[in-house]
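Topology and contacts: notes
Letter by letter, the chains look like this.
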Amino acid sequence: MKPEKILYADTVIAGTGVSGLFAALNLPSEQKILMITKSDLESSDSFLAQGGICVQRDDEDYEGFFEDTMRAGHYENREESVDIMIRSSRQVIDSLIRYGVDFEKADGKLQYTREGAHHRNRILFHEDETGREITSRLLAAAKTRKNIQMMEYTTMTDLICQNGKCRGIAAKTREGEELQILADSVILATGGIGGNYTHSTNFPHLTGDALTLAKRYGIKLEHLDYVQIHPTTLFSKKPGRRFLISESVRGEGAVLYDAHMNRFTDELQPRDVVTKAIREQMKKDGTEHVWLDMRPIPEDVIYRHFPNIAERCRREGYDVTKECIPVVPAQHYFMGGIYVDSNSETTMKGVYAVGETSCNGVHGRNRLASNSLLESLVFAKRAAYHIAGKECELPPMILPAAKQKLAAKAL
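The shown structure was predicted, so the numbers you read here are calculated from the model rather than taken from an experiment. (Residues numbered from 1 in each chain as written. Predicted model: local features only at pLDDT ≥ 70, side-chain atom pairs only at ≥ 80, totals over all residues. Heavy atoms only, no water.)

A separate point is the sheet that holds strand β13 (residues 255–257). Taken together, the four strands give an open sheet; going across it, the order is β12-β15-β14-β13, and neighbouring strands pair in antiparallel fashion. If you trace the sheet from one side to the other, it starts and ends with β12 (227–234) and β13, each paired once. Looking at each pair of strands side by side, their axes are set apart by 45° on average, direction ignored. Sheet analysis places β12 next to strand β15 (residues 325–334), joined by six bridges and oriented antiparallel. If you follow Ile229 over to β15, its bridge partner there is Gln331. (Pairing = 2+ DSSP bridges. Helix = DSSP H or I, 4+ residues; strand = E, 2+ residues; numbered from the N terminus. Axes fitted to C-alpha atoms, helices over the stretch in contact; angles between N-to-C directions.)

Written as structure tokens, this is what we have:
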């Protein structure tokens, strides 16, 4: 039997999506970091995120952002995590801009869009492929770091545990070589579970590998039934991954029609509410899809903000400036996962989980649109800082002036 190859690192990261990359970039430069990915470096769901990334726009936006997140999550969110995410948001955006992320601007000022269940425009974007813009910039930065090594087509197969402590991970290459990667810290960033579904917007190789190992070793899991269905993916009879029609399309004015071309719901409700309405309407009409009309959006906005959606629909035979497109709900996001604390550490010391594979409680039962990239980045940085023995400082919570006066009177 061929002996296992042993590799050594200070931190090993399973996953090269936005959370894994941001964690690596925030770890000390003197650390040796080894990242592995099950497929190629660009086949992570982070590259697929279309709509944008949320940010607290100003001091007055804190309460609205908090309430929108809580309401979408059916108030099952962990409030501490929501607070951390919101107050960290501007720092994260500033970091992304330093990495070269090109958010939409007009006259030199950042432009904000709105999506379902948001009561204010607070979403930054790059056309309709914000995830690709952010992740590709972080990937490029990671490739320049001499202390970061990345291995493609390498699958995590086990945790290496001794006396209740994780010492690293076992992995297997595409060629069948068995690896032992010994490390002081392990970051699990393996993404979601969409590969377990027939209809999903996720890459098919994302099958919840980290969750399986966590269960094997008694690491706490939480809310495994909290699975989000996205209301609008392009309907197709072909098998395979579903193409997402971003929430921001409806945020910019697109509307939903039933089989008789009548509107049947408020398009800007939370995703689970819109999904339920679509499914009920499909059942009522006896159809396999409903219709999404992008024609209320000015053509110049479509081609500037949604060029990739328009092009994909064109390839499928639809001109979004002249006709409706068929859409149907599909599995999209996993709100549950491996339970972590506010520093992204699991119940096994030295093992961290970030991104969609983790559950820090930000999203509650249902994720608010465009909170995924933000949450992944915020808590990936916190994991890196905790590993390095550093503290992530939060800016103060500044309430609107009227509330400050009330708070002062109460004292």
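Here the narrative resumes, following the displayed structure.
So, about the packing of helix α3 (residues 79–98) against helix α10 (residues 372–387). It is at 8 Å that the axes of α3 and α10 come closest, and there the two elements cross at 90°. The angle between α3 and α10 places the two elements in the roughly perpendicular class. Listed contacts from α10 to Ser81, Ile84, Met85, Ser88, Ser89, Gln91, Val92 and Leu96 of α3 are Leu374, Glu375, Leu377, Val378, Phe379, Lys381 and Arg382. (Parallel < 35°, antiparallel > 145°, perpendicular 65-115°, else oblique. Contact = heavy atoms within 4.5 Å.)

We now examine the packing of aromatic side chains. As enumerated under the stated definition, the model contains one aromatic pair in all. Against the face of Tyr339 rests Lys220, its NZ or CZ located 4.1 Å from the ring centre. (Phe/Tyr/Trp six-rings, centres within 6.5 Å; stacked < 30°, edge-to-face > 60°. Lys NZ or Arg CZ within 6 Å of the ring centre and 35° of its normal.)

Moving on: the sheet that holds strand β11 (residues 221–222). Strand order in the open sheet made by the three strands is β11-β16-β18, with mixed pairing throughout. Looking at which strands have only one partner, the edges of the open sheet turn out to be β11 and β18 (358–359). Pairing geometry for strand β16 (residues 337–339) and β18, over two bridges, is parallel. In the sheet register, Tyr339 faces β18, and the bridge partner there is Cys359.

Look at α10: 23 Å from first C-alpha to last across 16 residues, which is about the 22 Å you get at 1.5 Å a residue. Most of α10 sits inside the fold, with 15 of its 16 residues counted as buried. Phi turns positive, to about 75°, at Gly389, one or two residues after α10. (Expected span 1.5 Å × (residues − 1). Buried < 20%, exposed > 50% of the residue type's maximum accessible area, 1.4 Å probe, protein only.)

Another point: the nonpolar core. Membership of the largest hydrophobic core comes to 54 residues, with the highest contact counts inside it found for Ile53, Leu96, Ile134 and Leu138. Of all the secondary-structure elements, those providing two or more residues to this core are α1 (18–26), β2 (33–36), β3 (53–54), α2 (61–72), α3, β6 (123–124), α4 (130–144) and α10. Take this core: its biggest share by element is nine residues, from α10. One finds Leu159, Cys166, Ile219 and Val351 within the second-largest nonpolar core, a separate group that totals 29 residues. (Core = buried A, V, L, I, M, F, W, Y, C linked by side-chain atoms within 4.5 Å.)

Here strand β8 (residues 154–162) runs beside strand β9 (residues 165–173); their pairing, made up of eight bridges, is antiparallel. Residue pairing for β9: Asp158 is matched across the bridge by Ala170. Here β8 hands over to β9 after two residues, with Asn163 in that stretch at a positive phi of 55°.

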